[in-house]
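# What the coordinates show
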Amino acid sequence: MSFRKRGVVLGNPRTPAVAKVEKSLPAGTRPSPHDGRLTTSSGTQSLDQLLAGHAGLPMGTSLLIEETGTTDFGGMLLRYYAAEGLAQGHHVHVLGFDDSWRRELPGLGSEAKEKAAKPESSSDSKMKIAWRYETLGNRVSPSREPTQPVSSQQSASSAFCHTFNLTKKLESRDIKGQLFGFPIINVNAASQSTGFFREFLNSVAAKLASTPSSTIHRVVVPSLLSPTLYPSYGCNPQQVLQFLHGLRGLLRQHHTRLTAIATLPISLHPRANGLTRWAEILCDGVLELVPLGHQIQVSRDPTSEDKAQGLLRVHSLPIFHERGGGLDEGWRREDLSFKLSASTGLIITPYSLPPVGEEEEQAKEAAEAEKKKKSLEF
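Everything numeric in this text was worked out from a predicted model, so none of it was measured.

Analysis parameters
- Residues numbered from 1 in each chain as written.
- Predicted model: local features only at pLDDT ≥ 70, side-chain atom pairs only at ≥ 80, totals over all residues.
- Heavy atoms only, no water.
- Phe/Tyr/Trp six-rings, centres within 6.5 Å; stacked < 30°, edge-to-face > 60°.
- Helix = DSSP H or I, 4+ residues; strand = E, 2+ residues; numbered from the N terminus.
- Buried < 20%, exposed > 50% of the residue type's maximum accessible area, 1.4 Å probe, protein only.
- Expected span 1.5 Å × (residues − 1).
- Salt bridge = Lys/Arg side-chain N within 4 Å of Asp/Glu carboxyl O.
- Pairing = 2+ DSSP bridges.
- Core = buried A, V, L, I, M, F, W, Y, C linked by side-chain atoms within 4.5 Å.
- Contact = heavy atoms within 4.5 Å.
- Axes fitted to C-alpha atoms, helices over the stretch in contact; angles between N-to-C directions.
- Parallel < 35°, antiparallel > 145°, perpendicular 65-115°, else oblique.
- Left-handed = near helix turned anticlockwise from the far one by under 90°.
- Nonpolar A, V, L, I, M, F, W, Y, C, P; charged D, E, K, R; others polar.
- pLDDT = per-residue confidence, 0-100.
- Arc of directions from axis to C-beta.

### Brief notes about the packing of aromatic side chains
Counted under the stated rule, the structure contains nine aromatic pairs. On the basis of an interplanar angle of 70° and a centroid distance of 5.0 Å, the ring pair of Phe73 and Phe338 is categorised as edge-to-face. Taken together, the residues span a long stretch of sequence, with Phe73 in helix α2 (residues 73–88) and Phe338 in strand β13 (residues 336–341) at a distance of 265 residues. Residue Phe73 is classed as buried on the basis of its relative accessible area, which comes to 5%.

### Here's the deal with helix α7 (residues 237–253)
Over its 17 residues, α7 extends 24 Å from the first C-alpha to the last, a length consistent with the 24 Å expected when each residue adds 1.5 Å. Taken as a whole, α7 has its buried residues at Gln239, Val240, Phe243, Leu244, Leu247, Arg248, Leu250 and Leu251.

### Some points on the side chain of Thr215
Considering the arrangement of structural elements, one finds Thr215 in the loop between α6 (196–210) and β9 (217–221). Given the relative accessible area of 13%, Thr215 is considered buried.

### Points about the pattern of salt bridges
Applying the stated criterion across every chain yields a total of ten salt bridges. The network of salt bridges with common partners includes Glu66, Arg271, Arg277 and Glu280.

### Brief notes about the sheet that holds strand β1 (residues 29–31)
Strands belonging to one sheet form pairs held by backbone hydrogen bonds; the direction of such a pair is parallel or antiparallel. What the three strands build is an open sheet, ordered β1-β2-β3; its pairing is antiparallel. Both edges of this open sheet fall to β1 and β3 (57–58), since each of them pairs with a single strand only. Pairing analysis gives three bridges linking β1 to strand β2 (residues 38–40), with the strands arranged antiparallel. Across the sheet, residue Thr29 finds its bridge partner in β2, namely Thr40.

### Focus: the nonpolar core
Leu47, Leu50, Val220, Leu287 and Leu312 are the most contacted members of the largest nonpolar core, which totals 36 residues. At the level of secondary structure, the elements contributing two or more residues to this core comprise β4 (62–67), α2, β5 (91–95), β11 (285–291), β12 (310–316), β13 and β14 (345–350). It is α2 that provides the largest number of residues to this core, a total of nine residues. Ignoring anything within four residues of it in the chain, the contact list for Leu312 reads Leu50, Leu287, Glu288, Leu289, Leu336, Ser337, Phe338 and Ile348. Within the second largest apolar cluster, 31 residues are counted, among which are Val219, Val221, Tyr230 and Ala279.

### Here's the deal with the pairing of β11
In terms of burial, β11 is largely enclosed, as seven of its seven residues are buried. Judged by which residues are buried, β11 turns out to be covered on both faces: Gly285, Leu287, Leu289 and Pro291 on one side and Val286, Glu288 and Val290 on the other are all buried. Judged from the five bridges that link them, β4 and β11 form a sheet pairing that is parallel. Note that in β11 the partner of Leu63 across the bridge is Gly285. With six bridges joining them, β11 and β12 adopt antiparallel strand pairing. Pairing of Pro291 across the sheet is with Gly310, part of β12.

### Focus: the packing of α6 against α7
α7 packs onto α6 with a crossing angle of 10° between their chain directions and a minimal axis gap of 9 Å. In terms of axis orientation, α6 runs roughly parallel to α7. Handedness of the crossing formed by α6 with α7: right-handed. Across from Phe197, Arg198, Phe200, Leu201, Val204 and Ala205 in α6, the residues of α7 making contact are Gln239, Val240, Gln242, Phe243, Gly246, Leu247 and Leu250. Here the residues of the contact of α6 with α7 sort into nine nonpolar, three polar and one charged.

### Things to note about the confidence of the model for the protein chain
For the protein chain, per-residue confidence averages 76 on the pLDDT scale, and 67% of positions sit at 70 or higher. Here residues 112–128 scores under 50 on pLDDT; set against residues more than four positions off or in separate chains, the count is ten contacts. Of the regions scoring below 50 in pLDDT, residues 131–141 engages in twelve contacts with residues more than four places distant in sequence or in other chains.

### Describing α6
Between its terminal C-alpha atoms α6 stretches 21 Å, which fits the 21 Å expected from 15 residues at 1.5 Å a residue. Listed in full, the buried residues belonging to α6 are Phe196, Phe197, Phe200, Leu201, Val204 and Leu208. All buried residues of α6 project into a common sector of 145° when viewed along the axis, lining one side. With respect to the buried face of α6, the exposed residues turned more than 90 degrees away are Ala209 and Ser210.

### Details of the sheet that holds β12
Pairing is mixed in the open sheet, where nine strands are placed in the order β8-β5-β9-β10-β4-β11-β12-β13-β14. Of all strands in the sheet, those with a lone pairing partner are β8 (178–182) and β14, marking the two edges. Taking each pair of neighbouring strands and ignoring which way they run, the sheet shows an average axis angle of 25°. One ladder, built from six bridges, connects β4 with strand β10 (residues 258–265); its direction is parallel. Across the sheet, Glu66 pairs through a bridge with Leu264, a residue of β10. Sheet contacts for α6: β5, β8, β9 and β10; angle to β5, the most-contacted strand, approximately 175°.

### Re the environment of Phe197
Within the fold, Phe197 resides in helix α6. Here the alpha-carbon distance between Phe197 and Val240, two residues 43 residues apart in the chain, equals 7.6 Å.

### Observations regarding the packing of α7 against helix α8 (residues 274–282)
Two elements in contact, α7 and α8, have axes whose closest approach is 10 Å; the angle formed by their N-to-C orientations is 5°. The pairing of α7 with α8 is recorded here as roughly parallel in orientation. Together, Pro237, Val240, Leu241, Leu244, His245 and Arg248 of α7 and Leu275, Trp278, Ala279, Ile281 and Leu282 of α8 make up the contact between the two elements. By residue class, the composition of the contact of α7 with α8 is nine nonpolar, one polar and one charged.

This is the structure we're talking about:
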């Protein structure tokens, strides 16, 4: 019987190394931390954090934004969504406008400096705040802080969500994608019977078929059923529902390349209306913006504690499929608000009432400052 040293591997110890094949993701996409699906940014970071735990808008889904009143916060979300797509190199399809709509998109914001540490509040100010307001920051909810800037080591092209500035316009050197407008004014009379909605879907389907599989497409539908943008025959319930059903079919067919966001004025078409209810059913996510009654001002300082400009109601969120698969129940019991900042866009935060007496103190301070200002005037 022969003896041999233990630990010696029999045979050829040199095995050929298997090369690891890393699949590169399309620009502006990343896997969902919840189920691994590809997601893309809506252009608003606080809105990305709200979408059922996916940290972005899942590919192959649509979002319907309803708004009451005469404000256009939903239109601003559409502009951020389109500007983000053009900055990432995506193809953006806009219904109702031509290619000149690109001039209305906000420009990229400059990288902000690191925010200085906030001074700790004194014990006197803490005594004025109830305990339930102090615990709001410890809950898992959309951050109250403004959007954190991208670090200097990361380039703007590798960012998942860019920061836009309303005071600037999107420059040509920052555009890497293409914008395809579909103005309704050029629709001929023969298409009134078939519907311009179908022609728009056919153009989107043709672009999807003619582009590589790595190209991401975005569909923008502003002010659906609005008489100021669409003709009278475009508000036919049959054509509108067929359009939403066809758009849903394209999203399911190209579930790794296509997303869509639409807005709907519910002051003209309330949620109790049957057409509006069917539109909500055919969309994967439904949000409602309710502007408040006070005077709306756009804040230029994202760190200032301004009043909320409106309430945000979450009716449904994009989930994996009809049987579930997302954190759909996370925000149903949460009161959310939003405010528009010129430097960081639309910021969604939990809504809470100010401490008792704080508004009166601010009013007194403002009145005293006004008196001092008048006394200094000659």
